[in-house]
Amino acid sequence: MQSLNQPIEQAREEYETHQRTCRQCRVDAAPCPAAKHLRRVYNNLARAARPRPTGRPTGRAAS
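Residues numbered from 1 in each chain as written. Predicted model: local features only at pLDDT ≥ 70, side-chain atom pairs only at ≥ 80, totals over all residues. Heavy atoms only, no water.

Q: A description of the confidence of the model for the protein should follow, citing residues and the corresponding values.
A: Per-residue confidence for the protein gives a mean pLDDT of 85, with 81% of residues at or over 70. Ranking the elements of the protein by mean pLDDT puts helix α2 (residues 23-27) last with 90 and helix α3 (residues 33-49) first with 95. (pLDDT = per-residue confidence, 0-100. Helix = DSSP H or I, 4+ residues; strand = E, 2+ residues; numbered from the N terminus.)

Q: Talk me through the side chain of H18; I want residue IDs and the actual numbers.
A: Tracing the backbone through its elements, the reader meets H18 in helix α1 (residues 6-21). If we skip the residues at most four places from it in the chain, H18 touches C25, C32, A34, A35 and L38. (Contact = heavy atoms within 4.5 Å.)

Q: Go over the packing of aromatic side chains, please, and point to the residues and values.
A: The final tally for this structure, using the stated rule, is zero aromatic pairs. Its guanidinium or amino end placed over the ring of Y15, R39 lies 5.2 Å from that ring's centre, counting from NZ or CZ. (Phe/Tyr/Trp six-rings, centres within 6.5 Å; stacked < 30°, edge-to-face > 60°. Lys NZ or Arg CZ within 6 Å of the ring centre and 35° of its normal.)

Q: Which residues make up the nonpolar core, and what values do they have?
A: Counting six residues, the largest nonpolar core is built from Y15, C22, C25, C32, A35 and L38. Among all residues touching C32, those that are not within four sequence positions of it are H18, C22, Q24 and C25. (Core = buried A, V, L, I, M, F, W, Y, C linked by side-chain atoms within 4.5 Å. Buried < 20%, exposed > 50% of the residue type's maximum accessible area, 1.4 Å probe, protein only.)

Put into C-alpha coordinates, the structure is as follows:
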(Lines give C-alpha, C1' and ligand atoms only; values in the text may rest on other atoms or scores of the structure.)
Protein backbone atom coordinates (compact mmCIF):
# COMPACT_ATOMS: atom_id res chain seq x y z
CA MET A 1 0.00 0.00 0.00
CA GLN A 2 1.26 3.46 -0.89
CA SER A 3 1.93 5.90 1.93
CA LEU A 4 -0.22 9.04 2.01
CA ASN A 5 2.92 11.19 2.11
CA GLN A 6 4.61 9.42 -0.80
CA PRO A 7 3.15 11.68 -3.55
CA ILE A 8 4.15 14.75 -1.52
CA GLU A 9 7.70 13.47 -1.03
CA GLN A 10 7.95 12.52 -4.70
CA ALA A 11 6.84 16.01 -5.77
CA ARG A 12 9.34 17.58 -3.39
CA GLU A 13 12.14 15.37 -4.70
CA GLU A 14 11.26 16.19 -8.32
CA TYR A 15 11.37 19.92 -7.53
CA GLU A 16 14.69 19.67 -5.70
CA THR A 17 16.23 17.52 -8.43
CA HIS A 18 15.11 20.01 -11.05
CA GLN A 19 16.65 22.87 -9.07
CA ARG A 20 19.99 21.03 -8.94
CA THR A 21 20.07 19.95 -12.59
CA CYS A 22 18.42 22.82 -14.48
CA ARG A 23 20.96 25.14 -16.04
CA GLN A 24 18.58 28.10 -15.99
CA CYS A 25 17.70 27.62 -12.31
CA ARG A 26 21.37 27.41 -11.34
CA VAL A 27 22.40 30.49 -13.32
CA ASP A 28 19.45 32.77 -12.57
CA ALA A 29 18.41 33.84 -9.11
CA ALA A 30 14.78 33.18 -10.09
CA PRO A 31 13.39 29.69 -10.80
CA CYS A 32 12.44 28.78 -14.36
CA PRO A 33 8.79 28.13 -15.37
CA ALA A 34 9.22 24.36 -15.00
CA ALA A 35 10.53 24.81 -11.44
CA LYS A 36 7.60 27.08 -10.62
CA HIS A 37 5.19 24.42 -11.90
CA LEU A 38 6.88 21.66 -9.88
CA ARG A 39 6.80 23.82 -6.76
CA ARG A 40 3.10 24.55 -7.32
CA VAL A 41 2.37 20.81 -7.64
CA TYR A 42 4.21 20.17 -4.38
CA ASN A 43 2.41 23.01 -2.58
CA ASN A 44 -1.00 21.84 -3.78
CA LEU A 45 -0.37 18.26 -2.61
CA ALA A 46 0.93 19.43 0.76
CA ARG A 47 -2.03 21.78 1.23
CA ALA A 48 -4.52 19.03 0.37
CA ALA A 49 -2.89 16.66 2.88
CA ARG A 50 -3.15 19.08 5.82
CA PRO A 51 -6.01 18.41 8.20
CA ARG A 52 -8.81 20.95 7.99
CA PRO A 53 -9.81 22.76 11.17
CA THR A 54 -13.21 21.88 12.53
CA GLY A 55 -15.67 24.11 14.26
CA ARG A 56 -17.30 27.39 13.49
CA PRO A 57 -16.41 29.27 10.32
CA THR A 58 -14.26 32.34 10.96
CA GLY A 59 -16.12 34.60 8.52
CA ARG A 60 -18.00 37.75 9.43
CA ALA A 61 -20.42 37.54 12.31
CA ALA A 62 -24.10 37.78 11.46
CA SER A 63 -25.79 41.02 12.54
